[in-house]
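# Summary of structural features
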Amino acid sequence: MSTSPKKPLRSQAWFGKADKDGFIHRSWMKNQGLPHHLFDGRPVIGICNTWSELTPCNAHFRELAEYVKKGVYEAGGFPLEFPVMSLGESNLRPTAMLFRNLASMDVEESIRGNPIDGVILLCGCDKTTPALLMGAASCNLPALAVSGGPMLNGRYRGETIGSGTGVWQMSEQVRAGKMEMAEFIEAESCMNRSRGHCMTMGTASTMASMVEALGMGLPHNAAIPAVDARRQVLAHMAGRRIVEMVREDLTMSKILTREAFENAIRTNAAIGGSTNAVVHLLAIAGRIGVDLKLEDWERGSDVPCLVNLQPSGEFLMEDFYYAGGLPAVLRELGEAQLLHRDALTVNGRSIWENVSRAECFDRKVIFPVAEPFKPKAGIAVLKGNLAVDGAVIKPSAATPELLQHRGRAVVFENVEDLHARINDESLDIDASCVMVLKGAGPKGYPGFAEVGNMPLPTKVLKQGITDMVRISDGRMSGTAYGAVVLHVAPEAAAGGTLALVRDGDMIELDVAGRRLHLDIDDAELERRRAEWKAPEPPARGWYKLYVETVQQANLGADLAFLVGSSGAAVPRDSH
Ligand code: FES
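The structure presented is a predicted model; accordingly, all values stated were derived computationally and were not measured.

### Things to note about the overall build of the chain
Regarding its fold elements, the chain presents 19 helices and 14 strands. In terms of overall size, the chain behaves like a compact globule, its C-alpha atoms giving a radius of gyration of 24 Å where 575 residues would be expected to give roughly 25 Å. If one aligns the C-alpha atoms of the chain with their principal axes, the spans along those axes are about 75 × 55 × 50 Å. Among the 575 residues that make up the chain, the fraction classed as buried is 61%. For the chain, restricting intrachain contacts to residue pairs at least 6 apart in sequence, the fraction spanning at least 24 positions comes to 76%. For the chain, the accessible surface area stands at approximately 21600 Å², while carbon and sulfur atoms represent 52% of it.

Here it is as structure tokens:
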């Protein structure tokens, strides 16, 4: 371990001064009982904490931060924990995604404006991971992400149940009259029974895996359960390592290269990861200056799904960890030449050095590339007159027969319209129809809601049907499943073709051909377009700023003025 930093520490511009300003910066800090020697030029490590009791998935983060601090002190650093806006998926309305970019601004300015040399990012619940990575990327200091870890497997009446995925399944059973309400409520405390985030391969676990695949986290960041003592060890070791990273000047941009993003895209395919990773990785790439495009997600289309985890499969994150975790998957990808092996990671080693000796301990959970769980996974990027700038579908989560489908559109103008009519027995719909939802995109909802996996009409459910083609400009929970086309761009509220679809129009979905087509002639389309009126924008506040500046899904749904980096320098320093 080197002991002297490669370049002067930025924290010394605060704490290293001998004048009045130095007095002010140090003296007020000392009211916390901090001894003078901590200001002697050792790396100051910010611990960016998304702890909140309103974000249950991150509610254990103050304790986790203590383990980070132990590591920082041990390596000769000076840890300082700070809170940022927390985004709890299960509580925050109208959707946590509305605030991802706001939280990223909080992270960015909290890091840049303070005497911080390197930062540990404590992330967990879905949006907290991209928000922290985006904000930190715009500062480009040494940064290391530590995920909070998934919950233990849910257990209900002897059965294993997955967070999220189990909710969708059981609520459909209640609606179909196959499950009592009392059983449904009992399942609540059986599903989420320990600290940690959702334990299916939903968005939180996907993003924790992306952290590891991008090289931004230590090996096994993705899957160690939150309650497993090894999660605390990982936090401790991250604390040690970030101090070294500061001394080495190992900044985020040295790790988040195009190769790192391509590794992450392929990894997402191999784990059957969430479609939400598409928008989050595009946004993170935008901040760090990597020219990632929606079309780059096709790089994952030749990658098989190797893990048998819900919602695409059977098992849960706890099983995944015991089976070898993400390193075992990355080794499979590396051996199949599906990984950029030289990509650098936060521990200073290449991703291949980290995983080349990883082992799989359960082939029911992690499959080899030669005999995969599902032959083709990944995210398919669809284009056509209904999605001029693109749309996505996760084929591995869909009923295979529906991946090639032509059907009559049944249109819902917004989510309220959907909820008002979906259970109406007189709704003119059958299993061959294509459900279309408008107004769920970044501008339209606003906030790009997870409503794309529309509930099936009750009358269809009663026939035993479990999947239909559904198309929207919204997102889908990573724990959900179905033949669901998402992220249609441009969205309806931005005047995309989706806004012009009417009941009875025929729609063609051809996943193999990567095509999404509204079968009406161009003249009729233009006539409808001329009649279309844009929705009224919000009057004030964050909603107004968001709607006026948010980019479309195919660009990552970041605010246009936030794309890019300003570095770590404080623009105007009066001290
Ligand atoms: Fe927090 Fe699922 S609700 S990760």
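There is more to say, and it comes next.
### Focus: the packing of aromatic side chains
For the structure on display, the rule yields 6 aromatic pairs. Centroid distance Phe 15 to Phe 78: 6.3 Å. Interplanar angle 35°. Geometry classified as tilted. With a gap of 63 residues between them, Phe 15 in helix H1 (residues 12–15) and Phe 78 in strand E2 (residues 78–83) connect regions that are remote in the sequence. With respect to burial, Phe 15 and Phe 78 carry one shared label: buried. Taking the centre distance of 6.1 Å and the plane angle of 50° together, the rings of Tyr 321 and Tyr 322 count as tilted. Feature note: the residues Phe 15, Phe 39 and Phe 78 constitute an aromatic cluster, connected by ring pairs. A cation sits over an aromatic face here: Arg 62 above Trp 51, 4.5 Å from the ring centre. A cation over an aromatic ring shows up here: Arg 341 above the ring of Trp 352, its NZ or CZ 4.0 Å from the ring centre.

### Here we look at the layout of surface pockets
Taking a probe equal in size to a water molecule and rolling it over the atoms shows the remaining empty space. Here the second largest pocket defines a volume of roughly 370 Å³. Along the wall of the second largest pocket there are 20 residues; nearest its centre are Gly 439, Lys 443, Gly 444, Ala 493 and Pro 535. Partitioning the lining of the second largest pocket into residue classes produces 12 nonpolar, 3 polar and 5 charged.

### Observations concerning the sheet that holds strand E4 (residues 143–147)
Taken in spatial order, the 4 strands line up as E2-E1-E3-E4 in an open sheet, and their pairing is parallel. Each edge of the open sheet is held by one strand with a lone partner, namely E2 and E4. Between one strand and the next, the sheet's axes are offset by a mean angle of 20°, whatever the strand orientation. Relative to strand E3 (residues 118–123), strand E1 (residues 44–49) runs parallel, the two being bridged by 5 bridges.

### Regarding the UniProt feature "domain: Dihydroxy-acid/6-phosphogluconate dehydratase N-terminal" (unreviewed entry) in the chain
UniProt marks residues 42–354 with the feature "domain: Dihydroxy-acid/6-phosphogluconate dehydratase N-terminal" (unreviewed entry), using the numbering shown here. Across residues 42–354, the secondary structure splits into 45% helix and 9% strand, with the terminal C-alpha atoms separated by 28 Å.

### Section: the packing of helix H8 (residues 203–214) against helix H11 (residues 258–270)
With their axes 8 Å apart at the nearest point, H8 and H11 run at an angle of 140° to one another. Between H8 and H11, the angle is such that the two are oblique. Judged by the twist between their axes, the crossing of H8 over H11 is right-handed. Judged by residue contacts, Thr 206, Met 210, Ala 213 and Leu 214 of H8 engage Ala 260, Phe 261, Asn 263, Ala 264, Thr 267 and Asn 268 from H11. Here the residues of the contact of H8 with H11 are counted per class, giving 6 nonpolar, 4 polar and no charged.

### So, the UniProt feature "domain: Dihydroxy-acid/6-phosphogluconate dehydratase C-terminal" (unreviewed entry) in the chain
Under the local residue numbering, the UniProt record ascribes the feature "domain: Dihydroxy-acid/6-phosphogluconate dehydratase C-terminal" (unreviewed entry) to residues 364–557. Summarising residues 364–557: 15% helix, 23% strand, and an end-to-end C-alpha distance of 37 Å.

### What about a nonpolar patch on the surface?
The grouping of Phe 23, Ile 24 and Trp 28 at the surface amounts to a nonpolar patch, some 360 Å² of accessible area in total. With respect to the secondary-structure elements, Phe 23 resides in helix H2 (residues 20–29). What makes Phe 23 exposed here is its relative accessible area of 54%.

### Focus: the pairing of strand E10 (residues 434–437)
Side-chain alternation along E10 places Val 434 and Val 436 on one buried face and Met 435 and Leu 437 on a second face that is also buried. In this structure, strand E9 (residues 404–412) lies alongside E10, joined through 4 bridges in parallel fashion. Of the residues in E10, the one forming a bridge with Val 411 is Val 436. Where E10 lies against strand E11 (residues 469–472), 4 bridges are found, and the strand directions are parallel. The residue bridging Met 435 from the neighbouring strand is Arg 470, located in E11.

### Considerations on helix H6 (residues 165–175)
Within H6 the residues assigned to the buried category are Thr 165, Gly 166 and Met 170. Take H6 and look down its axis: the buried residues cluster within an arc of 115°, on one side only. Contact partners of the buried residues in H6: strand E6 (159–161) and helix H7 (181–191). Positioned one or two residues after H6, Gly 177 has a phi angle of 75°, which is positive.

### Looking at helix H9 (residues 229–248)
Taking 1.5 Å per residue, 20 residues should reach 28 Å; H9 reaches 29 Å between its end C-alpha atoms and fits that length. Most of H9 sits out of view: 14 of its 20 residues are buried. Asp 249, located one to two residues past H9, shows a positive phi value of around 55°.

### Quick word on the pattern of salt bridges
This structure, assessed with the given rule, holds 49 salt bridges. In this structure, Glu 413 and Lys 438 form a salt bridge, with 3.2 Å as the shortest nitrogen-oxygen distance. A residue pair is termed long-range when its members are at least 10 positions apart, and Glu 413 in the loop between E9 and helix H16 (415–421) and Lys 438 in the loop between E10 and helix H17 (458–461) qualify at 25 residues. Judged by its relative accessible area of 5%, Lys 438 is buried.

### Considering empty space enclosed by the protein
According to the stated counting rule, one finds 2 cavities of 30 Å³ or more in the structure shown. Its boundaries defined by the atoms lining it, the largest cavity holds a volume of some 50 Å³. When contributions to the lining of the largest cavity are tallied by element, the ones reaching two or more residues are helix H14 (325–335) and helix H15 (351–355). By residue number, the principal contributor to the lining of the largest cavity is H15, which donates 3 residues. Class assignment for the residues of the lining of the largest cavity results in 5 nonpolar, 3 polar and 1 charged. By volume, the second largest cavity amounts to about 30 Å³. Lining the second largest cavity are His 60, Glu 63, Leu 64, Arg 195, Ala 226 and Gln 232. Residue classes in the lining of the second largest cavity are distributed as 2 nonpolar, 2 polar and 2 charged.

Quick notes on the rules
- Residues numbered from 1 in each chain as written.
- Predicted model: local features only at pLDDT ≥ 70, side-chain atom pairs only at ≥ 80, totals over all residues.
- Heavy atoms only, no water.
- Helix = DSSP H or I, 4+ residues; strand = E, 2+ residues; numbered from the N terminus.
- Rg over C-alpha atoms; globule rule 2.2 N^0.38 Å.
- Buried < 20%, exposed > 50% of the residue type's maximum accessible area, 1.4 Å probe, protein only.
- Contact = heavy atoms within 4.5 Å.
- Areas by Shrake-Rupley, 256 points an atom, 1.4 Å probe, with all protein chains shown as cover.
- Phe/Tyr/Trp six-rings, centres within 6.5 Å; stacked < 30°, edge-to-face > 60°.
- Lys NZ or Arg CZ within 6 Å of the ring centre and 35° of its normal.
- 1 Å grid on protein atoms, 1.4 Å probe; cavity = no way out; pocket = protein on both sides within 12 Å on 5 of 7 lines; lining within 4 Å.
- Points joined across faces, edges and corners; volume = space filled by probe spheres on them.
- Nonpolar A, V, L, I, M, F, W, Y, C, P; charged D, E, K, R; others polar.
- Pairing = 2+ DSSP bridges.
- Axes fitted to C-alpha atoms, helices over the stretch in contact; angles between N-to-C directions.
- UniProt positions renumbered as here; feature names shortened; annotations may be inferred.
- Parallel < 35°, antiparallel > 145°, perpendicular 65-115°, else oblique.
- Left-handed = near helix turned anticlockwise from the far one by under 90°.
- Patch = residues over 30% accessible without salt bridge, like charges linked within 9 Å, V, L, I, M, F, W, Y side chains within 5 Å.
- Salt bridge = Lys/Arg side-chain N within 4 Å of Asp/Glu carboxyl O.
- Arc of directions from axis to C-beta.
- Expected span 1.5 Å × (residues − 1).

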